[in-house]
Amino acid sequence: MKETKEYTLYNDTVMDHFLNPRNMGDVQEADGVGEVGAAACGDIMKISLKIRDGKIEDARFKTFGCGSAIASSSMATELIKGRTLEEAKNFSNQEVVDALGGLPPVKIHCSVLAEEALKAAIEDYEAKQAKVPVVA
Amino acid sequence: MDKRSVYLDHQTTTPVLEEALQAMLPYFREVYGSPSSLHRFGLQVREGLKEARQKIAALINAESEEDLIFTSGGTESSNLAIKGFADANHRKGNHIVVSAIEHPSVMNSIEYLTKHGFEVSSVPVNAIGQINPEDVRAAITDKTILVCVHLVNHDIGTIQPVKEIGKITAEKGIALYCDALAAAGWMPIDVRDLGVQLLSFSPHRFYGPKGIGVLYRNRKARVTSHIHGGVQEGGRRAGTENVPAIIGAGVAAEVAIKEMSQRVEHVAMLQKRLYDGLWKHIKYIKLNGPVPGPLRICNTLNLSTEFIEGEGQLLLLDYQGIAVASGSSCVSKSLKVSHVLSAIQLDHALAQGNIIMSLGKDNTVEDVDYVIETFPKIVDKLRNMSPMWKEFEEGVIDSVIAPTGRGKSFTQHAADISGKPAH
Ligand code: FES
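Rules used throughout
As a convention, each chain's residues are numbered from 1 in the sequence order in which they are written. To label them, take the chains in the order written and letter them from A, then take the ligands in the order written and number them from 1. With the structure being a predicted model, the display of local features is reserved for residues of pLDDT at least 70 and the display and counting of side-chain atom pairs for 80 or more, all residues being used for whole-chain, interface and lining totals. The basis for every side-chain value is the complete set of non-hydrogen atoms in the structure, without hydrogens or water. Segments assigned H or I by DSSP are reported as helices when at least four residues long, segments assigned E as strands when at least two residues long, and all are numbered from the N terminus. Burial classes follow relative accessibility: with a 1.4 Å probe on protein chains only, a residue under 20% of its type's maximum area counts as buried, one over 50% as exposed, and anything between as partly exposed. Any pair of residues with heavy atoms lying within 4.5 Å of one another is described as a contacting pair. N or O atoms closer than or at 3.5 Å make up a polar contact, with two conditions inside protein: a donor-capable atom paired with an acceptor-capable one, and, for residues adjacent in sequence, both atoms drawn from side chains. Axes here mean lines fitted to C-alpha atoms, for a helix over just the part in contact, with angles spanning 0 to 180 degrees between N-to-C directions. Here is the rule for angles: anything less than 35 degrees is roughly parallel, anything more than 145 is roughly antiparallel, 65 through 115 is roughly perpendicular, and the remaining ranges are oblique. Polar here means any residue outside two lists: the nonpolar Ala, Val, Leu, Ile, Met, Phe, Trp, Tyr, Cys and Pro, and the charged Asp, Glu, Lys and Arg; Gly therefore counts as polar. Segmentation into domains, and thus their bounds, comes from an automatic or database assignment. Here's the idea: put two parts together, see how much 1.4 Å probe accessible area each one loses, and the total over both is what we call buried area. What counts as a salt bridge is simple: a side-chain nitrogen of Lys or Arg found within 4 Å of a carboxyl oxygen of Asp or Glu. The pLDDT score gives, residue by residue, the confidence of the prediction method on a 0 to 100 scale. Strands are labelled as partners when DSSP assigns at least two bridges between them.

A. Unusual backbone geometry, seen in detail. All names here are of chain A. Backbone geometry places Asn23, a non-glycine residue, at a positive phi of 60°. Within the secondary structure, Asn23 is located in the loop between helix H1 (12-19) and strand S1 (32-37). Take Asn23: its relative accessible area is 10%, and that puts it in the buried class.

B. Focus on the environment of Arg383 of chain B. Residues and elements named next belong to chain B. With respect to the helices, strands and loops of the structure, Arg383 is situated in helix H13 (residues 365-385). Setting aside residues no more than four positions away along its own chain, Arg383 makes contact with Ile282, Lys283, Tyr284, Thr305, Glu306, Phe307, Ile308 and Trp389. Polar contacts involving the side chain of Arg383 include one to the main-chain carbonyl oxygen of Lys283, which spans 2.9 Å.

C. Representation of the packing of H1 of chain A against helix H2 (residues 67-80) of chain A in the model. All names here are of chain A. The geometry of H1 relative to H2 is characterised by a closest axis approach of 8 Å and an angle of 85° between their N-to-C directions. What the angle tells us is that H1 and H2 run roughly perpendicular. Packed against H1, whose contacting residues are Thr13, Val14, His17 and Phe18, the element H2 presents Gly67, Ile70, Ala71, Ser74, Met75 and Glu78 at the interface. Broken down by class, the residue content of the contact of H1 with H2 amounts to 5 nonpolar, 4 polar and 1 charged.

D. A look at the side chain of Asp67 of chain B. By secondary structure assignment, the location of Asp67 of chain B is in the loop between helix H3 (40-59) and strand S2 (68-71). Other than its neighbours up to four places away in sequence, Asp67 of chain B contacts Leu215, Tyr216, Arg217 and Arg219 of chain B.

E. Representation of the domain arrangement of chain B within the structure. Residues and elements named next belong to chain B. When its domains are assigned, chain B resolves into domain 1 (6-11 + 260-418) and domain 2 (18-256). Once you take the C-alpha centre of each, domain 1 and domain 2 turn out to be 31 Å apart. Every contact between the two is made by 28 residues of domain 1 and, on the other side, 31 residues of domain 2. Both faces considered, domain 1 and domain 2 share a buried interface measuring about 2,300 Å² in area, 60% of it formed by carbon and sulfur atoms. For the pair domain 1 and domain 2, the number of links is 0 salt bridges. The interface formed by domain 1 and domain 2 holds 10 residue pairs in polar contact (both at pLDDT 80 or more) in total. Secondary-structure elements contributing two or more residues to the side of domain 1 that touches domain 2 are helix H9 (243-281), strand S10 (300-305) and helix H11 (339-343). Its residues assigned to classes, the side of domain 1 that touches domain 2 comprises 14 nonpolar, 10 polar and 4 charged.

F. Region of the structure containing the confidence of the model for chain B. Mean pLDDT for chain B: 94, with 98% of residues reaching 70 or above. Per the prediction output, this complex has pTM 0.94; the corresponding ipTM is 0.93.

G. Spatial organisation of the sheet that holds strand S3 (residues 95-99) of chain B. Residue and element names in this part refer to chain B. Read across the open sheet, the 7 strands follow the order S2-S8-S7-S6-S5-S3-S4; overall the sheet is mixed. Edge positions in the sheet fall to S2 and strand S4 (119-123), since each of these pairs with one other strand and no more. Across the sheet, the mean angle from the axis of one strand to that of its neighbour is 20°, orientation sign disregarded. Across 5 bridges, the pairing between S3 and S4 is parallel. The residue of S4 that forms the bridge with Val98 is Ser122. In this fold helix H7 (residues 162-172) packs onto strand S5 (144-150) and strand S6 (175-179), with an angle of close to 160° to the strand it touches most, S6.

H. Spotlight on the interface of chain B and chain A. Across the contact, 32 residues belong to chain B and 30 residues belong to chain A. Connecting chain B to chain A are 12 residue pairs in polar contact (both at pLDDT 80 or more). Those elements that provide at least two residues to the side of chain B that touches chain A are helix H10 (310-319), helix H12 (348-352), H13, helix H14 (387-393) and helix H15 (410-418) of chain B. In terms of residue count, the dominant contributor to the side of chain B that touches chain A is H10 of chain B (6 residues).

I. Looking closely at the sheet that holds S1 of chain A. Residues and elements named next belong to chain A. Across the sheet, which stays open at both edges, the 3 strands sit in the order S1-S2-S3 with antiparallel pairing between neighbours. The open sheet has two edge strands, S1 and strand S3 (55-64), and neither has a second partner. For this sheet, the mean angle separating the axes of adjacent strands, direction not counted, is 15°. In this sheet, S3 lies alongside strand S2 (residues 44-52) in antiparallel orientation, the contact comprising 9 bridges. Residue pairing for S3: Lys46 is matched across the bridge by Lys62. Here helix H5 (residues 108-131) sits on the sheet in contact with S1, S2 and S3, set at roughly 140° to S1.

J. Molecular detail of the environment of Ala127 of chain A. Among the structural elements, Ala127 of chain A can be located in helix H5. With relative accessibility at 37%, the residue Ala127 of chain A sits in the partly exposed group.

Okay, structure coming up:
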C-alpha cells in the first residue's frame, strides 16, 4: 500500500501516550493505592501514589484496558505529579481529555476511570492516615 | 526500511482480484447501459449479467441462475431472506428458529420481526460454537415457518451441521435459510446437498467488489420484496443493478471455484503454522472455536490472551503493520463483548482479550512468521502494563485458562472493585 499518511485510531497525543506510556508501573511502598473497574466495559485501572508533605510526589499506573484507557492513565499520572492532595481531589477527567487533545465520545469513560483510580488512591491514603495511632 | 504490512482481516473484507477488476472496468464507461433497457446498450449488459449470474450460481451449485437475487450486500441479503420470507409466509405461522450466534444482520432482522408479531426460539451452541441439530428439532413448533442457521460462524470459524439441520427442516416441511457469509469462496457449497431454500453471501469476502450481495432463493421459497420500484431481479429487488460489481462478483466466483482447493490448502497450512507458533510462544492463550481441522473454516483463528485487553493488542499489532480484528467490548461501539463469545460462555476476562486473525490467499509463510515473532512481544508489553498480570503472579487472582487454585476469579475481582459485576 502506498502510504503518504499514517492512519491511526486516535490522535497523535493519545497514540504517543499509548505507545510510550509515562509512569507505568507500581510506586514502591506506595502511600495510597486505588484500583477501580469500569462498569461500562469491564476494564481495570490501578494508580499508586507517593505522598510527601501533602503533595503527590510520584504517581504510577497499571491498566487493563483499551488504548485510550492506557493513554488516559499515562496522562493523568503526568498531570497530577506535584499537585497537593486538595488539588488532586478536584481533579477531573475533563482535564485528561483536554490534555490528550480529545477522545472519541464512546471513550470518555476510559478517562473517568483515571479520575476514579486517582481518587480511590487518595481515599486509600487518607484511610491509612486515619488509622495511624496519634501519639499523645 | 519499509515496515512489513500483513493484512489478517480477510473475514471482514478482501481486496478485489485483478481479473475481476479488469472485467469490471468496461462496464463503467463502455458497456454502461441498463439491463432493463431494450436497446443494444441494455441488451449487451443483460448478456454480461447473465454470464455473471451463471458463474455465481455455479459457486453454490444452484439449480438455475434465475434463483439468484442481487442486492447491495450481505446485510441486505439477510434482511430480504428473513423479512421477505416472513412477510410472504406469515399466514402459515409466526415462529422462527435461529441459532444464538448468527451475524448481526440476521439477529437484528429477526428482532425486528418480533416487534411485528413473530416469535423466536434461539438455539444455543456448545463451547466450540456448534449447533446441535437435535436442538433445532426440539425448537420447532407447529407455528414454525423458518429456521435460520449460518454455515460458518463469522467470529469463531465453527462450521455448522447445516446438512443435518436441512434433513430435519425437510422432514418437517419448513424452509431453511443459511447465511454463508463467512463460508462462500472458502469452502465448497452445494445448496442442493445442504437442503437449504435460502442462502446468502457477499462476494467482497472472496476477492469480489463491495456493494453487491447475493441471495439464493429456491423456487419453493417465496419472498416478498422490501425495496419497491421497478421490476428488476424478477420483481424481488427493485433498482438498477450494480452492474460492474455483479460482473466483478462473477469473476471472483469463477476464480474461487477454479482455485478453491489450492486456496484452501495454502490458507489452512498458514492457519496451522500460525496456531502452532503462537501457542508455542505465548502462555495463557486460548483458542475460541474448534481447533484447525474439519470443524473449522480454513482461514481464521479467534484467540484470547489472558490478563490483557483486545484493543491494545489490535493497536500495537497495527503499529507493527499487522491488521487484525477483535471482539472485545472496548473495540465495539456498544461496549459489549461479541454476542458469539457470550454464547460460547467465554469468561469475561477472556472475552476482553479477544483477537481475530483471518488469513487470505496472498498471505505468505513469512507473513505468518512475522506475526509469530511480533505478537508475543506485544502480549508481554501489555501484560507488564496490566494490573491483572501482577495480581495473578502474586496469587490475588487466578488464571481461567490454567487455574492454579490460588486467588479469586477475575470476574469476582472486577466486581469487587467496580461495585458492579462485569458483563
Ligand atoms: S477501557 Fe474499555 S473502552 Fe476504554
